[in-house]
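Take a look at the letters that make up each chain.
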Amino acid sequence: MISLRRAQERYHSGNAEPYVWLTFYPPTRPDPLAECFGNVINLGELWLAPGATCARDADHAGEVLTYVREGQLTHRCWSGGSSVIQAGEFHLNTVSEGAMRRERNRSKTFRAHVYQLCLRNPMVGIRPAQQERFSAAQRRGLFRLVASSDAREGSLRLEHEALVYSALLEPGQHAVYEIAAGRCVWLHVVSGVVSTSNLLLNAGDGIGVSGQPGVSVTPQEQSELLLVDIRDRTPEGSC
């Protein structure tokens, strides 16, 4: 089963800075996709103006994986710790429900382009933050694992039973991701244009795939992708 969410169908914070797009709607708004990908609280795309700050309370206890695509980000968690996340780096931290998260664009000149994946897991204890750089060379031409429950292949260690991948693909460079039984994936186009499952996806578009052996993509131009592999919450794969 294929579930499609176009970029313009995402929840948008409005015209005020920072600009935030959420692939899955917030808890106050019904969202059928949330029933299938319920352990993914959200996949957010943020644009922060020079020096801008984004502060939010966590809706659920869990883990937050932050990817800085452009710029530099100062991250401060509820416990008071802080870190600087550079472009190309992935940062993982745990949050408790209601905890404050605050990010600030360190640059006074350039905007920051950031992605955040929030995974629900109420059993997560507070652990030290993790941060790792995955170079363009490491992610080029394949789905590169950046986070997993067992930290395989040098990935960040998740408490949640999920796999997170990043890929940089050239035009016509076909890539296939195999989906294990009982699993489903969410594929998000960060940039570029790709064809998959008889669909043409542009930047900001995403698809959920369940009940199928895999997903294949072919870029029409230079493209960047994020892929999240989680347990399928619908036994029939009916998302």
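As the structure is a prediction and not an experimental result, all values here were calculated from the model. Residue numbers restart at each chain and count upward from 1, following the sequence in its written direction. Where local features are concerned, this predicted model is filtered to residues with pLDDT of at least 70; where side-chain atom pairs are given and counted, the filter is 80 or more; whole-chain, interface and lining totals use all residues. The basis for every side-chain value is the complete set of heavy atoms in the structure, and neither hydrogens nor water enter the calculation.

Engineer: Would you mind going over the side chain of Glu224 in detail, with residue names and values included?
Structural biologist: Starting at the N terminus, helices and strands are each numbered in turn, a helix being any DSSP run of H or I of at least four residues and a strand any DSSP run of E of at least two. Checked against the element boundaries, Glu224 lands in strand E22 (residues 223-231). When its relative accessible area of 4% is taken as the criterion, Glu224 is described as buried. A polar atom in the side chain of Glu224 sits 3.3 Å from the side chain of Arg139. Here the term buried applies to any residue with accessible area under 20% of the maximum for its type, exposed to any over 50%, and partly exposed to those in between, with areas from a 1.4 Å probe on protein chains only. We call two N or O atoms a polar contact when they sit within 3.5 Å, provided that within protein one can donate a hydrogen and the other can accept it, with sequence-adjacent residues counted only if both atoms are side-chain atoms.

Engineer: Just give me the short version of the pairing of strand E15 (residues 163-169), but keep the residues and values in it.
Structural biologist: Within E15, 7 of the 7 residues are buried, which leaves the element mostly enclosed by the surrounding structure. By the alternation rule, side chains of E15 split into Leu163, Tyr165, Ala167 and Leu169 and Val164, Ser166 and Leu168, which are all buried. In terms of strand pairing, strand E13 (residues 144-148) meets E15 through 4 bridges, oriented antiparallel. The residue bridging Leu145 from the neighbouring strand is Tyr165, located in E15. As paired strands, E15 and E22 are joined by 7 bridges and run antiparallel to one another. Looking at E22, one finds that Leu168 is bridged to Glu224. Here the rule is simple: two strands pair whenever DSSP picks up at least two bridges between them.

Engineer: Please provide a residue-by-residue account of the sheet that holds strand E12 (residues 130-133), values included.
Structural biologist: Taken in spatial order, the 7 strands make up an open sheet running E2-E3-E4-E11-E6-E9-E12, and their pairing is antiparallel. Looking at strand neighbours, the two that pair on one side only are strand E2 (11-12) and E12, the edges of this open sheet. Relative to strand E4 (residues 40-48), strand E3 (residues 19-22) runs antiparallel, the two sharing 4 bridges. Paired with Leu22 across the strands is Gly44, a residue of E4.

Engineer: So what about the confidence of the model for the protein chain? Which residues, and what values?
Structural biologist: Chain-level pLDDT for the protein chain is 85 on average; 81% of the residues reach the 70-or-more range. The model gives residues 235-239 a pLDDT under 50, and that stretch makes 13 contacts with residues more than four places away or in other chains. pLDDT expresses how confident the predictor is about each individual residue, on a scale running from 0 to 100. Throughout, a residue-residue contact means that at least one pair of heavy atoms, one from each residue, lies within 4.5 Å.

Engineer: Go over the nonpolar core with me, naming the residues and quoting the values.
Structural biologist: Joining through side-chain atoms within 4.5 Å is the link that ties buried Ala, Val, Leu, Ile, Met, Phe, Trp, Tyr and Cys residues into a set, and such a set is a nonpolar core. Membership of the largest hydrophobic core comes to 24 residues, with the highest contact counts inside it found for Val40, Leu65 and Leu117. In this structure, Val40 is in contact with Phe24, Leu117, Cys118, Leu119, Val228 and Ile230, ignoring residues within four places of it in sequence. The next biggest cluster of nonpolar side chains, apart from the first, holds 20 residues, and it includes Leu169, Ile179, Val215 and Leu225.

Engineer: Would you mind going over the pattern of salt bridges in detail, with residue names and values included?
Structural biologist: Salt bridge, as used here, is a side-chain nitrogen of Lys or Arg placed within 4 Å of a carboxyl oxygen of Asp or Glu. Inspection of every chain in the model, using the stated rule, returns 9 salt bridges. The partner of Arg6 in a salt bridge is Asp205, with the nearest N and O atoms 2.8 Å apart. Pair noted here: Arg6 is in the loop between strand E1 (2-5) and E2 and Asp205 is in the loop between strand E19 (199-202) and strand E20 (206-210), with a separation of 199 residues, a long-range link. The exposure class assigned to Asp205 is buried, which follows from its relative accessible area of 2%. Of the charged contacts in the structure, one is a salt bridge between Glu161 and Arg231, with a shortest N-O distance of 2.5 Å. Here Glu161 is found in the loop between strand E14 (156-157) and E15, whereas its partner Arg231 is found in strand E22, with 70 residues between them in sequence.

Engineer: Break down unusual backbone geometry for me, citing the residues and quoting the values.
Structural biologist: In this model, Glu153 sits at a positive phi of 55°, which is unusual for a non-glycine residue. One can find Glu153 in the loop between E13 and E14. The phi angle at Ser197 is positive, at roughly 50°, despite the residue not being glycine. Structurally, Ser197 can be placed in the loop between strand E18 (193-196) and E19. Looking at Ser197, the relative accessible area reads 34%, which means it is partly exposed.

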